[in-house]
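Here is how the chains run, residue by residue.
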Amino acid sequence: MDEDARLVRDAMEYAAEGLGPLPDLVPGAVALGRRRRARTRAAVTAGTFGAATLAALGVVALTGQGPGGRGAATLHTGVAAPAAYRTPVEVTPSPGEDPAGRIDTLPPGERQRLRDFQQSAAVALDEALPSAVGTVRPLSAYADRYRGERHGDVFQIVFQVRPAGDEAARTCRDIPQKRMTCEERQLTEGVTAQVRTAAAGSPDTLSVSIAFGFGNSTVLLEVLPDEETGASAPVTGRQLLDGVRESGLLEVVRYADEHPVLKKQASVQGG
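The rules behind these values
- Residues numbered from 1 in each chain as written.
- Predicted model: local features only at pLDDT ≥ 70, side-chain atom pairs only at ≥ 80, totals over all residues.
- Heavy atoms only, no water.
- Phe/Tyr/Trp six-rings, centres within 6.5 Å; stacked < 30°, edge-to-face > 60°.
- Helix = DSSP H or I, 4+ residues; strand = E, 2+ residues; numbered from the N terminus.
- Buried < 20%, exposed > 50% of the residue type's maximum accessible area, 1.4 Å probe, protein only.
- Lys NZ or Arg CZ within 6 Å of the ring centre and 35° of its normal.
- Pairing = 2+ DSSP bridges.
- Axes fitted to C-alpha atoms, helices over the stretch in contact; angles between N-to-C directions.

A. View of the packing of aromatic side chains. Per the stated rule, a full pass over the model turns up three aromatic pairs. Centroid distance F117 to F159: 6.5 Å. Interplanar angle 5°. Geometry classified as stacked. Of this pair, F117 sits in helix α4 (residues 108–128) while F159 sits in strand β5 (residues 153–163); the two residues are 42 residues apart in sequence, bridging distant segments of the chain. Given the relative accessible area of 3%, F159 is considered buried. Sitting above the plane of the Y142 ring, R145 keeps its charged end 5.5 Å from the centroid.

B. Here's a closer look at the sheet that holds strand β8 (residues 202–214). The seven strands are arranged β3-β4-β5-β9-β8-β7-β6 in an open sheet whose pairing can be described as antiparallel. Only two strands of the sheet have a single neighbouring strand rather than two, namely β3 (135–138) and β6 (181–188). For this sheet, the mean angle separating the axes of adjacent strands, direction not counted, is 20°. Bridging between β3 and strand β4 (residues 145–150) involves four bridges; their strand directions are antiparallel. Considered in β4, the bridge of R137 is made with R147.

Below you can see the structure in the form of structure tokens.
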């Protein structure tokens, strides 16, 4: 070993003497659970979630005018959906069904934009919802429908970011005969959400939803029960509130508010 190499090695050893041993990360990582794993996986494969979402949806290059005079996102060649691709659940719309919210009836460019949006939304929903909901996948024909499946239970998920109409805000109140409870909770600074639990399908199965205003849009996230197995939505209102607040879902909401993926309607569904 020549003199220069020996000096470099000695300097490195000296600098490392004051450092303690590397911590054992395995037990802590396991304890953090599915949400942190999803967050880490997204960060490793596509940078931070917000950057992955904006890149996937083509926010870097915006041209044209969308509904209401807003700029519409233009997806350019080479812009891909997030690395954590979720294979859509193939569904066939019923004959004569209202095409509102459907992807398969749109022109090719807009259809691809919404499918990329669904991919980003599915990753964010998977991060926001507890593991009991299962891995979230988009439904192929609908821009606002997703599905989680775990241990034989199938939970339908509605995620809508829709331009606000002229309708009055929905009253938050309990309705005992419908097993409905509602409370208003702060989601973020300046944003108050209505968190509802209600019977759905039967008096014995419950859905859980959160609704709030964001920018020029109304937002609804609802997890429905599996009516066939009799399993209620495996999430509490508090979990839904915390999940939306702590995950990358609000970045997806922000994009859909600025570049709408659904049309305005008279009222917000759900709850």
